[in-house]
There are 2 protein chains.
Amino acid sequence: MLRVSKLTDYATVVMTVLAEAGTDVLSAQVLAERARLEIPTVSKLLKQLVHAGLVESFRGVNGGYRIGRAPTAISVAEIVVAMEGPIGMTECSVHSGLCDHENHCGVRGNWQRINQAIADALASVTLADMMKPPGPKRPIPTPLRVALV
Amino acid sequence: MLRVSKLTDYATVVMTVLAEAGTDVLSAQVLAERARLEIPTVSKLLKQLVHAGLVESFRGVNGGYRIGRAPTAISVAEIVVAMEGPIGMTECSVHSGLCDHENHCGVRGNWQRINQAIADALASVTLADMMKPPGPKRPIPTPLRVALV
DNA sequence: GCTAAAGTGGACCGAAATGGTACGGTTTTC
DNA sequence: GAAAACCGTACCATTTCGGTCCACTTTAGC
């Protein structure tokens, strides 16, 4: 199944918890409780989110984590990239030279276009959107549309 | 990295070879040569494509494979689904009941919407599109657009 | 019919990724 | 200086992936 890893999934949950906390600093323990995840798991993914600049960390007593930007300014694509690296449906569309068939492969360029479409789709959903209930057919203010071509 | 499996990638290549052959029946060996892949690998993925109804198979001497539909009537999404199963970015968005957090998870519904957007993106690219060179900015006839909402 | 070509189904194996977990080190507050 | 909390790294069990192989069945043609 085409899917993101569990850790990426969890990361979106933790990010929404951080977003709900606004400018408060939450410890890994509190985050784990609110997200209902194990502390080591939460710590692990927070490291990557900090590295990507999506979350700020504070050490020492009363340390913890705080969201780095407004939820409207963080996209799901950024979270996915922070956790999994660049979005590319095929290996060759990200790292060239690894596949023996690159020269005579007719589909490589088209996969790259598909990548872009999917990246755009993920980029157009913000963390703020993820905080809202899905809503049966509630239109999102700006008509977020992804051109495939 | 968010990606499809190699087998799925290869499947798109094999499908384009079959599409180029039109109504000809090609053996696994010929397909392997044209796609520059190993025969066992090609056989394996063809089994799945036959099962999904995207390819027809013929047994016995002079047997082989033939594309099941016009290339314009086969989408990349169908190939991905044939190889990997349903498109779902998170486990819970496809199979409910496996995740302990379903009841109190605020992001599940939103992931399902993202799934749909990505499925639509993959569904709007046909095998015929994959046969064409990417083309820098050549517009595709019908404005294939994917509404995210 | 017999034989050879060709697909079918299933099993198998090594390598890699995934997910959890643990531990020692460092920073900061009180 | 002691405790709280993050940091980096390493480890391990499990699963998945990619690739291969084999015994079986079907069919064309002699």
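Anything mentioned here points back to the structure above.
Everything numeric here is computed off the predicted structure, so don't read it as measured data.

Listed as interface residues are 48 residues of chain A and, on the opposing side, 48 residues of chain B. Across the chain A to chain B interface the summed buried area is about 4,600 Å²; carbon plus sulfur atoms make up 67%. In this structure, the connection of chain A to chain B is made through 10 residue pairs in polar contact (both at pLDDT 80 or more). Where the side of chain A that touches chain B is concerned, the elements lending two or more residues are α1 (6–20), α4 (76–84), α5 (108–123), α6 (127–131) and β3 (145–147) of chain A. When residues in the side of chain A that touches chain B are grouped by element, the largest group, eight residues, is from α5(A). Looking at the side of chain A that touches chain B residue by residue, the classes come out as 28 nonpolar, 10 polar and 10 charged.

What follows covers the protein's contact with DNA strand D. As a matter of local geometry, DNA strand D sits amid 23 residues, with Ala28(A), Ser57(A), Tyr65(A), Lys6(B) and Lys44(B) nearest to it. Counted by atom, the contact set of DNA strand D within 4 Å of the protein is 67% sugar and phosphate. Arg59(B) has a polar side-chain atom sitting 3.0 Å from a base oxygen of DNA strand D. Listed by contribution, the elements that provide at least two residues to the surface near DNA strand D are β1 (55–58) and β2 (64–67) of chain A together with α1 (6–20) and α3 (39–51) of chain B. Ranked by residue count, the leading element in the surface near DNA strand D is α3(B), at three residues. In terms of residue class, the surface near DNA strand D is made up of seven nonpolar, 10 polar and six charged.

Moving on to the pattern of salt bridges. Side chains that differ in charge, positive against negative, can pair when their charged atoms come close. All names here are of chain B. Enumeration according to the criterion identifies six salt bridges over all chains in this entry. For the salt bridge of Arg-66 with Glu-56, the shortest nitrogen-to-oxygen distance reads 3.0 Å. Residue Arg-66 is found in strand β2 (residues 64–67), and its partner Glu-56 is found in strand β1 (residues 55–58); the two are separated by 10 residues along the sequence. Given a relative accessible area of 26%, Arg-66 falls into the partly exposed group. In this structure, Lys-132 and Asp-129 form a salt bridge, with 3.2 Å as the shortest nitrogen-oxygen distance. Lys-132 gets classed as partly exposed once you look at its relative accessible area, which sits at 28%.

For the rest of this paragraph, the subject is the relation of the copies chain A and chain B. Of the transformation placing chain A onto chain B, the axial shift is 0.0 Å and the rotation is 180 degrees, giving an RMSD of 0.0 Å. What the rotation and shift describe, once combined, is the action of a two-fold rotation axis. Counting the interface residues of chain A, we find that 100% of their copies in chain B are interface residues as well, pointing to one common contact surface.

Another aspect to go through is the protein's contact with DNA strand C. Neighbouring DNA strand C are 22 residues; Lys44(A), Ala28(B), Lys47(B), Ser57(B) and Tyr65(B) lie closest to it. Those atoms of DNA strand C that come within 4 Å of the protein belong to sugar or phosphate at a rate of 62%. Separating a base oxygen of DNA strand C from a backbone N or O atom of Val61(A) is a distance of 3.5 Å. At 2.9 Å from a base nitrogen of DNA strand C is found a side-chain nitrogen or oxygen belonging to Lys47(B). Broken down by element, the surface near DNA strand C gets its largest block of residues, three residues, from α1(A). Partitioned by chemical class, the residues of the surface near DNA strand C number eight nonpolar, eight polar and six charged.

Each pair of packed helices can be described by the angle between their axes along with the distance between the axes. Residue and element names in this part refer to chain A. In the contact formed by α4 and α5, the axes pass within 6 Å of each other and the chain directions differ by 115 degrees. Residues Val-76, Ala-77 and Val-80 of α4 form the contact with α5, whose own contacting residues are Ala-119, Leu-122 and Ala-123. Grouping the amino acids of the contact of α4 with α5 by side-chain chemistry returns six nonpolar, no polar and no charged.

Here is what the cut-offs are and how they apply
- Residues numbered from 1 in each chain as written.
- Chains lettered and ligands numbered in written order.
- Predicted model: local features only at pLDDT ≥ 70, side-chain atom pairs only at ≥ 80, totals over all residues.
- Heavy atoms only, no water.
- Contact = heavy atoms within 4.5 Å.
- Buried area = accessible area lost by both parts, 1.4 Å probe.
- Polar contact = N/O pair within 3.5 Å; in protein donor to acceptor, adjacent residues only side chain to side chain.
- Helix = DSSP H or I, 4+ residues; strand = E, 2+ residues; numbered from the N terminus.
- Nonpolar A, V, L, I, M, F, W, Y, C, P; charged D, E, K, R; others polar.
- Near = heavy atom within 4 Å.
- Salt bridge = Lys/Arg side-chain N within 4 Å of Asp/Glu carboxyl O.
- Buried < 20%, exposed > 50% of the residue type's maximum accessible area, 1.4 Å probe, protein only.
- Least-squares fit on C-alpha atoms with pLDDT ≥ 70 in both.
- Axes fitted to C-alpha atoms, helices over the stretch in contact; angles between N-to-C directions.

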